[in-house]
There are 2 protein chains.
Amino acid sequence: MAKSRVLLVEDDRELAGMLGELLADEGYETEAAHDGQRGLHLGLTGHYDVLIIDRRLPVLDGLELLRRLRTRAVTTRVLVLSALGEVADRVAGLDAGADDYLVKPFEAEELLARLRALGRRDLEGAECLPLGTAALDLLRHEVVLPRGERITLSGREFELLRTLAQRPKAIHPRAALRTRVFAESTGESIVDTYVYYLRLKLGRDAVRTVRGLGYQIGVV
Amino acid sequence: MAKSRVLLVEDDRELAGMLGELLADEGYETEAAHDGQRGLHLGLTGHYDVLIIDRRLPVLDGLELLRRLRTRAVTTRVLVLSALGEVADRVAGLDAGADDYLVKPFEAEELLARLRALGRRDLEGAECLPLGTAALDLLRHEVVLPRGERITLSGREFELLRTLAQRPKAIHPRAALRTRVFAESTGESIVDTYVYYLRLKLGRDAVRTVRGLGYQIGVV
DNA sequence: CGCAGCTCTGAGGCGTTTCTGAGATCTCCG
DNA sequence: CGGAGATCTCAGAAACGCCTCAGAGCTGCG
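These remarks concern the structure in this document. Everything quoted here is computed from the prediction, not taken from an experiment.

The next thing to look at is the protein's contact with DNA strand D. DNA strand D sits among 18 residues. The nearest are A:Thr193, A:Tyr196, A:Thr209, B:Thr193 and B:Thr209. Counting residues per element, the ones that place at least two in the surface near DNA strand D are helix H8 (190-202) of chain A together with helix H8 (190-202) of chain B. Across the surface near DNA strand D, the residue classes break down as four nonpolar, eight polar and six charged.

Spelled out as structure tokens, the structure:
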């Protein structure tokens, strides 16, 4: 997955610098604008995954900037930052087209969590669990191989693989897998059978057997 | 545009009642669940534009409910309500899959503004929805193929395709489509039939089946 | 009225999934 | 080495999900 691109429109250069570093540490690719005019220009011409807009900006106010972007059909997710924290201010910000509104001062952790939430919306939950060099698409119940090839899994196959992949270092006892993935009444060997199915689809090394203890996720 | 549908999962019946009225006044169509189990069932089978989930719920905790919905490919926007307002609580809620997190007590105005922000659609007001290489003309109920050819859709066909196209990356469960496009009393297989009609008119790949989960818009 | 198109029902069919169980194979330890 | 227990492999039965489509009722129009 490529880095998420963020446009940060903030006139306080000190704060902008700190946020820029914070975002870079989290793996975002950040561009900055220090006034509304410049923010408008970049917002219209560049493509970003999220815009962070300070409400108070020189030249062009943050909310006005936001409105102009929205009327120009820019639908990028927008998080508005502001020192104005009254309910009426927040309502005004949201109704101007913001997707979220965070009041200064804020904790870095919360900003990051809200950014993650905004970024998630466009992926439509296409989150993946790492699976060695491949990945497990949790939304579509598919394994995505490094070259982009997709292998669809049946419901049970998916549940089993997900359980294994959720704790990749753990060794999962048969009984635990049977309880988690299958119904109470199923036979003792159901886990073995489904491990066999997974290995048919994904290759012999997809699941590792730890004799006497259980199974562990392997390399796909 | 039809009314927005909201599922309210809140165990405090007094608050639920008040919110229900508030939402009704604002033109939302609201359903309520008073515990997590019921919320899970409704969330999985119904079709809503936004879910409002209280964090503290009997039977099944709010965040656990949210996680279960997310693992079942429910990508509906979720607003979590909670008395727990620490930064760590908010981060936990957002990372569990919430799109927004509002701390009790809150002002009605802010809740409504945040709901509006969540309910806003990307291409609201547009006259066409993109449909792979083609487009869906919302005014004339026609699909416009790349070469300009037009295919007229019946009312139901159009509603179904529009629902799919509105969130092109999401997987739409059968039950959700049935609730949204067809009357309450229609049979279980009505969605299948109309998907079949769409495929007759637009080609086999117009709608993609994700076995066990639902349908997704494909390439036309 | 008669026709055409739309909506919905329900039945039949087909490929997939799930689960069982049994034989083959492996591994460890005495 | 040999046996016991663990694991693997796989065929088959039943259930399920999904697709297809004919037909009945309805609506609107000429």
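A:Ser154, A:Gly155, A:Gly187, B:Ser154 and B:Gly155 are the nearest of the 26 residues found near DNA strand C. Among the elements of the structure, helix H6 (155-166) and H8 of chain A together with helix H6 (155-166) and H8 of chain B are those that each provide at least two residues to the surface near DNA strand C. Residue composition of the surface near DNA strand C, grouped by class: six nonpolar, 14 polar and six charged.

Residue and element names in this part refer to chain A. Taking 1.5 Å per residue, twelve residues should reach 16 Å; H6 reaches 16 Å between its end C-alpha atoms and fits that length. Of all the positions in H6, only Glu157, Phe158, Leu160, Leu161, Leu164 and Ala165 are classed as buried. Taken down its axis, H6 places every buried residue within 165° of arc, on the same side. Those residues of H6 that are buried lie in contact with strand E6 (128-131), strand E7 (134-137), helix H7 (174-181), H8, strand E10 (207-210) and strand E11 (214-217).

Next up on the list: unusual backbone geometry. Residues and elements named next belong to chain A. Cis rather than trans, the peptide bond between Lys104 and Pro105 has omega equal to -5°. Relative to the helices and strands, Pro105 resides in the loop between strand E5 (100-103) and helix H5 (108-123). The phi dihedral of Ala73 is positive, around 65°, even though this residue is not glycine. Note that Ala73 resides in the loop between helix H3 (62-71) and strand E4 (77-82). On the basis of neighbour count, Ala73 is assigned to the exposed category, with 11 C-beta atoms found within 10 Å.

Before going further, it helps to examine the packing of H5(A) against helix H4 (residues 87-95) of chain B. Here H5(A) crosses H4(B) at 15°, and the two axes come no closer than 9 Å. In terms of orientation, H5(A) lies roughly parallel with respect to H4(B). As for the relative orientation of H5(A) and H4(B), their crossing is left-handed in sense. Residues A:Glu109, A:Glu110, A:Ala113, A:Arg114, A:Arg116 and A:Ala117 of H5(A) lie in contact with H4(B), whose contacting residues are B:Val87, B:Arg90, B:Val91, B:Leu94 and B:Asp95. Tallied by class, residues from the contact of H5(A) with H4(B) come to five nonpolar, no polar and six charged.

Take the pairing of strand E6 (residues 128-131) of chain B next. Residues and elements named next belong to chain B. Alternating positions in E6 separate cleanly, Leu129 and Leu131 being buried on one face and Cys128 and Pro130 remaining unburied on the opposite face. Note: E6 against strand E7 (residues 134-137), four bridges, orientation antiparallel. Of the residues in E7, the one forming a bridge with Leu131 is Ala134. Once E6 ends, the chain turns through two residues before running back antiparallel as E7, passing Gly132 with a positive phi of about 65°.

Moving on to the sheet that holds strand E8 (residues 142-144) of chain B. Residues and elements named next belong to chain B. Strand order in the open sheet formed by four strands is E6-E7-E8-E9, and the pairing between neighbours is antiparallel. Looking at which strands have only one partner, the edges of the open sheet turn out to be E6 and strand E9 (150-152). With direction set aside, neighbouring strand axes in the sheet form an average angle of 25°. Pairing between E8 and E9: three bridges, direction antiparallel. Of the residues in E9, the one forming a bridge with Glu142 is Thr152. Contacts from H6 reach E6 and E7, with the element oriented near 70° to E6.

The rules behind these values
- All residue numbers refer to positions counted from 1 along the written sequence of the respective chain.
- Starting at A for chains and at 1 for ligands, labels are handed out in the order in which the entities are written.
- Where local features are concerned, this predicted model is filtered to residues with pLDDT of at least 70; where side-chain atom pairs are given and counted, the filter is 80 or more; whole-chain, interface and lining totals use all residues.
- Residues are classed as near a molecule or strand if the C-beta position derived from their backbone is within 6 Å of it.
- Elements are defined by DSSP. Helices are runs of H or I of four residues or more, strands are runs of E of two residues or more, and each kind is numbered from the N terminus.
- Charged residues are taken to be Asp, Glu, Lys and Arg, nonpolar residues to be Ala, Val, Leu, Ile, Met, Phe, Trp, Tyr, Cys and Pro, and polar residues to be all remaining types, Gly included.
- To estimate how far a helix should extend, the number of its residues minus one is multiplied by 1.5 Å.
- To sort residues by burial, count the other C-beta atoms lying within 10 Å of each one's C-beta; a count of 20 or more means buried, 12 or fewer means exposed, and anything in between means partly exposed. C-beta atoms are built from the backbone.
- When we speak of the arc, we mean the arc of directions from the helix axis to the C-beta atoms.
- Placing C-beta atoms from the backbone, we regard two residues as in contact once those atoms come within 7 Å.
- Note on method: axes are straight lines fitted to C-alpha atoms, helices fitted across the in-contact stretch only, with angles between N-to-C directions ranging 0 to 180 degrees.
- Any angle from 65 to 115 degrees is called roughly perpendicular, while one under 35 is roughly parallel, one over 145 is roughly antiparallel, and all others are oblique.
- Left-handed describes a crossing in which the near helix is turned anticlockwise from the far one by less than a right angle; the clockwise case is right-handed.
- DSSP calls a pair of strands paired once it identifies at least 2 bridges connecting them.

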